Amino acid sequence: MKRNLLLVLAALSLTACAEKNQYEQAVLEQMQTDQDIRDYQLDAEEMTQCVVDLTSKKMPGVFPFEPRRKPYYIGYTKMLTLKQSQDPKKVLAELTELFGSGQELANVHRNYSESVLFCIQSLVSETEEEQLEQENKPTS
């Protein structure tokens, strides 16, 4: 019985794995082309990890690969790739339906935008602190 439960839980946890990876890839592509990331000379992969971690905290469920997060990963990915879509109006309608309303879609977009801004601020502060430490380090 325990073995079957463990197998079911393992299978369920893998269902959102591919979707999370696609979301991470979409975020990475955004970070690699973002002018602020370039201007502040931030690492796109580090930014991606930060943004994915932060946005995931406001998704349903507790664990990163929880099945309830699968549609959210799909939705966030579609949101980030909306400009490349053949029919953006159709994708926007799908996103509104997926998240339940236009207001919820706006909340999802706000979550993403706030996460990006927080990560930029956090990583810039971290970089500045490291530079100060290097400058104040006594030379032998």
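Conventions adopted
- Residues numbered from 1 in each chain as written.
- Predicted model: local features only at pLDDT ≥ 70, side-chain atom pairs only at ≥ 80, totals over all residues.
- Heavy atoms only, no water.
- Patch = residues over 30% accessible without salt bridge, like charges linked within 9 Å, V, L, I, M, F, W, Y side chains within 5 Å.
- Areas by Shrake-Rupley, 256 points an atom, 1.4 Å probe, with all protein chains shown as cover.
- Salt bridge = Lys/Arg side-chain N within 4 Å of Asp/Glu carboxyl O.
- Lys, Arg positive; Asp, Glu negative; His and termini not counted.
- Charge placed at Lys NZ, Arg CZ, Asp CG, Glu CD.
- Helix = DSSP H or I, 4+ residues; strand = E, 2+ residues; numbered from the N terminus.
- Disulfide = S-S within 2.5 Å.
- Core = buried A, V, L, I, M, F, W, Y, C linked by side-chain atoms within 4.5 Å.
- Buried < 20%, exposed > 50% of the residue type's maximum accessible area, 1.4 Å probe, protein only.
- Contact = heavy atoms within 4.5 Å.
- Expected span 1.5 Å × (residues − 1).
- Polar contact = N/O pair within 3.5 Å; in protein donor to acceptor, adjacent residues only side chain to side chain.
- Phe/Tyr/Trp six-rings, centres within 6.5 Å; stacked < 30°, edge-to-face > 60°.

Colleague: Give me the lowdown on a negative patch on the surface, citing residues and values where you can.
Modeller: Residues Asp-43, Glu-45, Glu-46, Glu-126, Glu-128, Glu-129, Glu-130 and Glu-133 make up a contiguous surface patch of negative charge. At the level of elements, α4 (44-57) and α7 (102-136) are the ones that each hand at least two residues to the negative patch. It is α7 that provides the largest number of residues to the negative patch, a total of five residues. Position of Glu-46 among the secondary structure elements: in helix α4.

Colleague: Residues and numbers for the state of the cysteines, please.
Modeller: Here the structure, examined in full by the defined rule, presents one disulfide. Here Cys-50 engages in a disulfide with Cys-119; their sulfurs sit 2.0 Å apart. Handedness of the Cys-50-Cys-119 disulfide follows from its S-S torsion of about -90°: it is left-handed. A residue pair is termed long-range when its members are at least 10 positions apart, and Cys-50 in helix α4 and Cys-119 in helix α7 qualify at 69 residues.

Colleague: Describe the nonpolar core, and please don't skip the residues or the numbers.
Modeller: Tyr-23, Val-27, Met-31, Met-47, Val-51, Tyr-76 and Tyr-112 are the most contacted members of the largest nonpolar core, which has 27 residues in total. Among the secondary structure elements, those contributing two or more residues to this core are α2 (17-33), α4, α5 (70-80), α6 (88-99) and α7. Looking at this core element by element, the count peaks at eight residues for α7. Those residues in contact with Val-51, other than ones at most four positions away along the chain, are Tyr-23, Val-27, Tyr-112, Ser-115, Val-116 and Cys-119.

Colleague: Could you give an account of α7, naming the residues involved and the relevant values?
Modeller: With 35 residues, α7 extends 51 Å between its outermost C-alpha atoms, agreeing within 8% with the 51 Å of an ideal straight helix rising 1.5 Å per residue. The set of residues buried in α7 consists of Leu-105, Val-108, Asn-111, Tyr-112, Ser-115, Val-116, Cys-119, Ile-120, Leu-123 and Val-124. Each element contacted by the buried residues of α7 is listed here: α2, α3 (35-39), α4, α5 and α6. Its side-chain oxygen at 3.4 Å from the backbone nitrogen of Gln-103, Ser-101 defines the N-terminal cap of α7.

Colleague: So what's going on with the side chain of Arg-69? Residues and values would help.
Modeller: Considering the arrangement of structural elements, one finds Arg-69 in the loop between α4 and α5. There is a polar contact of 2.8 Å between the side chain of Arg-69 and the backbone oxygen of Pro-60.

Colleague: Lay out the packing of aromatic side chains in plain terms, naming residues and giving numbers.
Modeller: One pass over the structure, following the stated rule, counts four aromatic pairs. Centroid distance Tyr-23 to Tyr-73: 6.0 Å. Interplanar angle 35°. Geometry classified as tilted. Pair noted here: Tyr-23 is in helix α2 and Tyr-73 is in helix α5, with a separation of 50 residues, a long-range link. Judged on exposure class, the residue Tyr-23 and its partner Tyr-73 are both buried. Each member of the aromatic cluster is reached from another via a ring pair, and the members are Tyr-23, Tyr-72, Tyr-73, Tyr-76 and Phe-99.

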